[in-house]
Amino acid sequence: MCGIVGIVAKSNVNQTIFDALTVLQHRGQDAAGMVTCEGNRFFLRKDNGLVNEVFRTRHMKRLAGNVGIGHVRYPTAGSSSSAEAQPFYVNSPYGIALAHNGNLTNADDVAEQMFRADLRHINTTSDSEVLLNVLAHELQLQGKLKPQAEDMFAAVQRVHERCKGGYAAVALITGYGMLAFRDPHGIRPLIYGKRETKSGTEYMVASESVALDISGFERVRDIAPGEAIYIDMAGNVSTQQCAENTTLAPCLFEYVYLARPDSIIDEVNVHISRMRMGKKLADKIRRERPDHDIDVIIPIPDTSRTSAMEMAKELGVTFREGFIKNRYIGRTFIMPGQVQRKKSVRRKLNPIGMEFKDKVVMLVDDSIVRGTTSSQIVQMARDVGAKKVYFASAAPPVKFPNVYGIDMPAAEELIAHGRTDKEIGEEIGCDWMIYQELDDLKQSVSEGNPSITEFDTCVFDGQYVAGDIDEDYLKRLKAARNDSAKGKNKKASSNESSNLCSKID
Ligand SMILES: O=P(O)(O)OC[C@H]1O[C@H](OP(=O)(O)OP(=O)(O)O)[C@H](O)[C@@H]1O
Ligand SMILES: NC(=O)CC[C@H](N)C(=O)O
Ligand SMILES: [Mg+2]
């Protein structure tokens, strides 16, 4: 769940891309990058780090041009080295840079085909470099010196035929324009908007609407599954459906955790969907324990706040902030290694003792994945004197790997895998464990847009919407990306000459 943005404007775009990336930072904290285009020249800056660490004044000054794309990375393939930061670049045809959110599930096979049949070299282990090369190869086959919108769309159609998995991508074609597209199931989000200026209309595509909001772009609409949008350098917009048999099946976990609450994704207001999650969880508590003895409901900041507040309101129980979050520590779930994640929870959250002392507390989190947060939080609540500690999750148990752009590669690393709700409660050490029902979660979202009838629910039920996953794939994914394998990848790739194509350092 990286964050992507692309802008075709009438004046320099570097600052607007920077601003957009800062509000998409919650989608990736590992690396950031930007490519701008002026005339026939690309300017690139990318590296590991947060947005404000990667782009210093000297870089910003050199990122010239009215057109550009940006990326914040949370790795789901390859390594987390700076060589795999995005955007990626190929010089032929035209010069193309691409930023990608999602994960290709057939990247290895496509990379092999690229090498054998298309005679293209993939220099990293990133699936995004594969995606870029497929697009480049298919554009090359169109054989045009001056490609038009229809050539872009024909190439995207081939991308859909060759690539499997989840992907929302934005590409910059030197001297010609910006192309963005979304996979045929619309698993990862992509939206576009426009802004009127004295010099004409400017366009932005982004992972989340919040990126449009903060720079004064008005939301036009989401890019449909399988659809592509092409905006040329002069600002002419064309869109086309480039895939057959498309279905809108957005990732349910975007609404649970990934997205910012102030975003609207596929016409669903994320904040309101989280309020509905809280309400439905309260209904379940009332059904299971009508005479519950909860004294206080306490959220685990940040993401669960919305649903916890609504749950408390619905149950008529006091809501209190009992954990103070250190605002200088990022999201723990998207940190790359378990050791770092574990350490960060304690540094990030500290309890206010009086809110717990001698009380029956119901702690609420949006989701429990590895159980890193919940186990430590329950202990903290006990340490400061809670009489009983209950735990509610606004999402159902996360039991299966994700293959479409969330780094949950190994079922065994998930605390709910192979355990009943009661056993999970015992594992995290709480007195009562209560989970949202999957149907209630789906409804919490689809009530915001009844035309969504399908979701990517793979982490909850092991159903992979793109129909592309078998046991063998999951076995290989686990071997390549479990926690200990990741440490080895990082070491190996830090020996590569990194940032091969960075033109700015
Ligand atoms: O079971 P785990 O493996 O610990 O993962 C789940 C936790 O991680 C996330 O919080 P995170 O700190 O990433 O972000 P937040 O501040 O947005 O809640 C999520 O909100 C849960 O609290
Ligand atoms: N989280 C994502 O969207 C990751 C994009 C891509 N698979 C990468 O690892 O860079
Ligand atoms: Mg959290």
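The protein chain goes by Amidophosphoribosyltransferase in an unreviewed UniProt entry, where it is assigned to Neptuniibacter pectenicola. The UniProt entry for the protein chain carries this comment under Catalytic activity (unreviewed entry): "5-phospho-beta-D-ribosylamine + L-glutamate + diphosphate = 5-phospho-alpha-D-ribose 1-diphosphate + L-glutamine + H2O". On record in UniProt, under Function (unreviewed entry), the comment for the protein chain is "Catalyzes the formation of phosphoribosylamine from phosphoribosylpyrophosphate (PRPP) and glutamine."

Asks: Sorry, what's going on with the side chain of D118 here?
Replies: On the secondary structure map, D118 appears in the loop between α4 (107–116) and α5 (127–142). Classification of D118 by relative accessible area gives buried; the value is 14%. Separated by 3.2 Å, the side chains of D118 and H137 make a polar contact. Discounting chain neighbours no more than four positions away, the residues touching D118 are Q113, H137 and R162.

Asks: I keep staring at the packing of α4 against α5 and nothing clicks. Help me out?
Replies: When two helices pack together, their arrangement is given by the angle between the helix axes and the distance between those axes. Across the interface, α4 lies against α5 with an axial gap of 10 Å and an inter-helix angle of 45°. Taken as axis vectors, α4 and α5 run oblique relative to one another. In the crossing of α4 with α5, the sense of the turn from one axis to the other is left-handed. Between α4 and α5, the contacting residues are A107, V110, A111 and M114 on the first element and D127, V130, N133, V134 and H137 on the second.

Asks: It is not clear to me how the pairing of strand β13 (residues 237–241) should be interpreted in this structure. Could you clarify?
Replies: One face of the sheet, then the other: side chains in a regular strand alternate in exactly this way. Alignment of strand β12 (residues 227–232) against β13, held across five bridges, turns out to be antiparallel. Note on β13: the bridge partner recorded for I229 is T239.

Asks: So what exactly am I meant to see when it comes to the confidence of the model for the protein chain here?
Replies: Regions with low pLDDT carry predicted coordinates that are not meant to be interpreted in detail. Mean pLDDT over the protein chain: 94, with 96% of residues reaching 70 or higher. With pLDDT under 50 throughout, residues 494–505 is counted as low confidence; its partners more than four residues away or in other chains account for 26 contacts. Both scores are available for the predicted complex, with the pTM at 0.95 and the ipTM at 0.98.

Asks: Teacher, can you tell me more about the UniProt feature "active site" (unreviewed entry) in the protein chain here?
Replies: Here, the residues flagged by UniProt with the feature "active site" (unreviewed entry) are C2. The topology assignment puts C2 in the segment before β1 (3–8). Ignoring any residue separated from it by four or fewer positions in sequence, one finds C2 in contact with R27, H71, V72, R73, Y74, H100, N101 and S207.

Asks: Hey, could you run me through the environment of E321 in this one?
Replies: Considering the arrangement of structural elements, one finds E321 in the loop between β17 (318–319) and β18 (323–325). Considered as a pair, E321 and V23 are 298 residues apart in the sequence and their alpha carbons are 24 Å apart. Apart from the residues within four sequence positions on either side, E321 is in contact with P299, R305, I352 and E355. Side chain to side chain, E321 and R305 meet in a polar contact 2.8 Å long.

Asks: Teacher, can you tell me more about the site of ligand 1 here?
Replies: Surrounding ligand 1, one finds 17 residues, the nearest of these being T303, K348, D365, D366 and T373. Within the backbone of R370, one N or O atom sits 2.8 Å away from an oxygen atom of ligand 1. For ligand 1, the accessible surface in isolation is 500 Å², of which the surrounding protein chains cover 97%. Residues belonging to the shell around ligand 1 are distributed by class as follows: five nonpolar, six polar and six charged.

Asks: Please clarify how the site of ligand 2 should be interpreted in this entry.
Replies: Lining the immediate surroundings of ligand 2 are 15 residues, of which M1, C2, R73, G102 and D127 lie closest. Note that a nitrogen atom of ligand 2 is positioned 2.8 Å from one of the backbone N or O atoms of Y74. Within the side chain of Q86, a nitrogen or oxygen atom sits 3.1 Å from an oxygen atom of ligand 2. Summarising the interface, the protein chains cover 100% of the accessible area of ligand 2, which totals 300 Å² for the free molecule. Judged by its atoms lying within 2 Å of the grid points, ligand 2 is housed in the largest cavity.

Asks: Explain the UniProt feature "binding site: Mg(2+)" (unreviewed entry) in the protein chain to me, please; I cannot follow it from the model alone.
Replies: Feature annotation in UniProt assigns "binding site: Mg(2+)" (unreviewed entry) to the following positions: T303, D365 and D366. For the annotated residues, spread through 64 residues, the largest C-alpha to C-alpha distance comes to 7.5 Å, consistent with a single compact locus. Residue contacts for T303: discarding those within four places in its chain leaves V256, Y257, R274, R331 and D366. Assessed through its relative accessible area of 7%, D365 is described here as buried. Apart from residues no more than four positions distant in its own chain, D365 is found in contact with I300, S304, T373, F391, A392, S393 and A394.

Asks: Would you take a moment to explain the sheet that holds β17 for this structure?
Replies: Strand pairing in a sheet is mediated by backbone hydrogen bonds. Such pairs are either parallel or antiparallel. The strand order β17-β16-β20-β21-β22 describes an open sheet built from five strands, whose pairing is parallel. Each of the sheet's edge strands pairs with one partner strand only, and the pair in question is β17 and β22 (432–435). Sheet topology note: the strand β16 (residues 296–299)/β17 ladder contains two bridges and is parallel. In the strand pairing of β17, I297 is matched with F319. Lying on the sheet, helix α10 (residues 305–315) is in contact with β16, β17, β20 (360–365) and β21 (388–393); it crosses β16 at an angle near 170°.

Asks: Is there a simple way to explain a nonpolar patch on the surface in this structure?
Replies: A surface patch of nonpolar side chains, about 280 Å² in accessible area, is lined by I324, I352 and M354. Position of I324 relative to the elements: it lies in strand β18.

Asks: Would you mind going over unusual backbone geometry with me for this structure?
Replies: One can expect most non-glycine residues to show negative phi and most peptide bonds to be in trans. At the junction of S92 and P93, the peptide bond is cis and its omega measures out at -5° in the coordinates. Tracing the chain through its elements places P93 in the loop between β5 (88–90) and β6 (96–104). A cis amide bond links P301 with the next residue in sequence, D302, at an omega value of 5°. Of note in this structure, D266 is not a glycine but carries a positive phi near 50°. Mapped onto the elements, D266 comes out in the loop between β14 (264–265) and β15 (268–269). The exposure class of D266 is buried, given its relative accessible area of 4%. One non-glycine residue, E267, adopts positive backbone phi at about 70°.

Rules used in this analysis
Residues numbered from 1 in each chain as written. Chains lettered and ligands numbered in written order. Predicted model: local features only at pLDDT ≥ 70, side-chain atom pairs only at ≥ 80, totals over all residues. Heavy atoms only, no water. UniProt positions renumbered as here; feature names shortened; annotations may be inferred. Helix = DSSP H or I, 4+ residues; strand = E, 2+ residues; numbered from the N terminus. Buried < 20%, exposed > 50% of the residue type's maximum accessible area, 1.4 Å probe, protein only. Polar contact = N/O pair within 3.5 Å; in protein donor to acceptor, adjacent residues only side chain to side chain. Contact = heavy atoms within 4.5 Å. Axes fitted to C-alpha atoms, helices over the stretch in contact; angles between N-to-C directions. Parallel < 35°, antiparallel > 145°, perpendicular 65-115°, else oblique. Left-handed = near helix turned anticlockwise from the far one by under 90°. Pairing = 2+ DSSP bridges. pLDDT = per-residue confidence, 0-100. Near = heavy atom within 4 Å. Areas by Shrake-Rupley, 256 points an atom, 1.4 Å probe, with all protein chains shown as cover. Nonpolar A, V, L, I, M, F, W, Y, C, P; charged D, E, K, R; others polar. 1 Å grid on protein atoms, 1.4 Å probe; cavity = no way out; pocket = protein on both sides within 12 Å on 5 of 7 lines; lining within 4 Å. Sits in = over half its atoms within 2 Å of the grid points. Patch = residues over 30% accessible without salt bridge, like charges linked within 9 Å, V, L, I, M, F, W, Y side chains within 5 Å. Salt bridge = Lys/Arg side-chain N within 4 Å of Asp/Glu carboxyl O.

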